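# Chains, contacts and geometry: an overview
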Amino acid sequence: MREEVTGPKGAEAGPSGAAPAQSISKMHVLFMLAVHAGAVAAFAWFSWGALFTGLVLYVVTGLGITVGYHRQLAHRAFRAKVFVTRILATMGSLALQGGPLRWVADHRQHHFHSDSDGDPHDIARGLFFAHVGWVFYVYPRNYDQRRIRQQTKDLCRDPYLLWLEKYDFVPGFILGGLLLLAGGLSYFLWGFCARLVFLYHSTWLVNSACHSWGYRRFHASPGTNNWLVALLAFGEGWHNNHHAWPASARHGLKPWEVDLSFALISALKKLRLAWDVTLVKPDPNSRRGGVLVRT
Ligand SMILES: [Zn+2]
Ligand SMILES: [Zn+2]
């Protein structure tokens, strides 16, 4: 079936005017400092078992963000069984990047207002702001539940996602507690602190590096394609491709553009756990060189 998909259904553009920064969130600053200190301390409490656990959890959590929060929930790039959607969203919550609704609302805002005042991590405000600074600012709009619900109407039908939005920190903190209880300090430092820090920076690099460095295949679209970020963030570094085709489940459009997140989506489709996977099909008759198809 061939079908043009223009954007996430149920999503509306949020306010485009830049809200003035009201204050810095001390809680966010303290948490980030603590978790970064824990990541540094992890090297003093090194063990191969703890490092391996941290790496496995990095992949599980990272795919929760890229496949769950981003490609499925924010862009509706594929559909999946309800339990798969919920598992992916729970995996994403382990990244402690906020609940699924707020994450999706911020991300849709980024696509609607890329590189302008309404963009939550507008690159025009500098590399530091786009990378991490934006996380610390408390804008009224960031916590405006009406704005968040308006931009995520399509997701608010699932009571589990609503619960996860309210208690987004619960799965992540339970995991941290289990690591400490079962593995001791070394496993907590690698599996919780170091994993979170590496994942924060690989996610933030999509907002900073992938709006600054790399090649652009689609000159009418913002963002850049950056192979290093693509490796660290499981295919999310093909960001210029993504801005050009936001609804595509596959961000790496060429064979050498490795995209681990798409590999997971393909595996879910083969297992009949996912369907309606949206892809870009080359089409010389199309002005954009391709059309979106659902497979
Ligand atoms: Zn972007
Ligand atoms: Zn996106």
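Attention in this report is confined to the structure presented alongside it. (Residues numbered from 1 in each chain as written. Chains lettered and ligands numbered in written order. Predicted model: local features only at pLDDT ≥ 70, side-chain atom pairs only at ≥ 80, totals over all residues. Heavy atoms only, no water.)

### With respect to helix α8 (residues 169-183)
Between its first and last C-alpha, α8 extends 21 Å over 15 residues, near the 21 Å set by a 1.5 Å rise per residue. What α8 keeps buried is the set P171, G172, L175, G176 and L179. Each buried residue of α8 sits inside an arc of 140° when the element is viewed along its axis, so together they form one side. Away from its buried face, by an angle of more than 90 degrees, α8 presents the exposed residues L178 and L181. Buried residues along α8 sit in contact with α2 (48-74), α3 (82-93), α7 (159-166) and α9 (185-207). Trailing α8 by a residue or two, G184 shows a phi angle of about 90°, which is positive. (Helix = DSSP H or I, 4+ residues; strand = E, 2+ residues; numbered from the N terminus. Expected span 1.5 Å × (residues − 1). Buried < 20%, exposed > 50% of the residue type's maximum accessible area, 1.4 Å probe, protein only. Arc of directions from axis to C-beta. Contact = heavy atoms within 4.5 Å.)

### Examining the layout of surface pockets
Quantified by volume, the largest pocket comes out at close to 1100 Å³. Looking at the largest pocket, it is lined by 39 residues, and the ones nearest its centre are H28, L96, Q97, G98 and R102. Those elements that provide at least two residues to the lining of the largest pocket are α1 (26-41), α2, α4 (100-112), α5 (127-136), α7, α8 and α9. Among the elements that line the lining of the largest pocket, the one with the most residues is α9, at seven residues. (1 Å grid on protein atoms, 1.4 Å probe; cavity = no way out; pocket = protein on both sides within 12 Å on 5 of 7 lines; lining within 4 Å. Points joined across faces, edges and corners; volume = space filled by probe spheres on them.)

### Here we look at the pattern of salt bridges
A side chain with one charge can pair with a side chain of the opposite charge if their charged atoms come near. Under the criterion given, the structure shown has nine salt bridges. As a salt-bridge pair, D276 and R79 come within 3.5 Å of each other at their nearest N and O atoms. With a gap of 197 residues between them, D276 in the loop between β4 (274-275) and β5 (278-282) and R79 in strand β2 (residues 79-80) connect regions that are remote in the sequence. Judged by its relative accessible area of 48%, R79 falls in the partly exposed class. Taking the shortest distance from any N to any O, the salt bridge between R102 and D106 comes out at 3.8 Å. Taken as a pair, R102 and D106 lie in helix α4 at a separation of four residues, close to a single helical turn. Looking at R102, the relative accessible area reads 21%, which means it is partly exposed. Sharing partners across several salt bridges, the network here consists of R71, E236 and D259. (Salt bridge = Lys/Arg side-chain N within 4 Å of Asp/Glu carboxyl O.)

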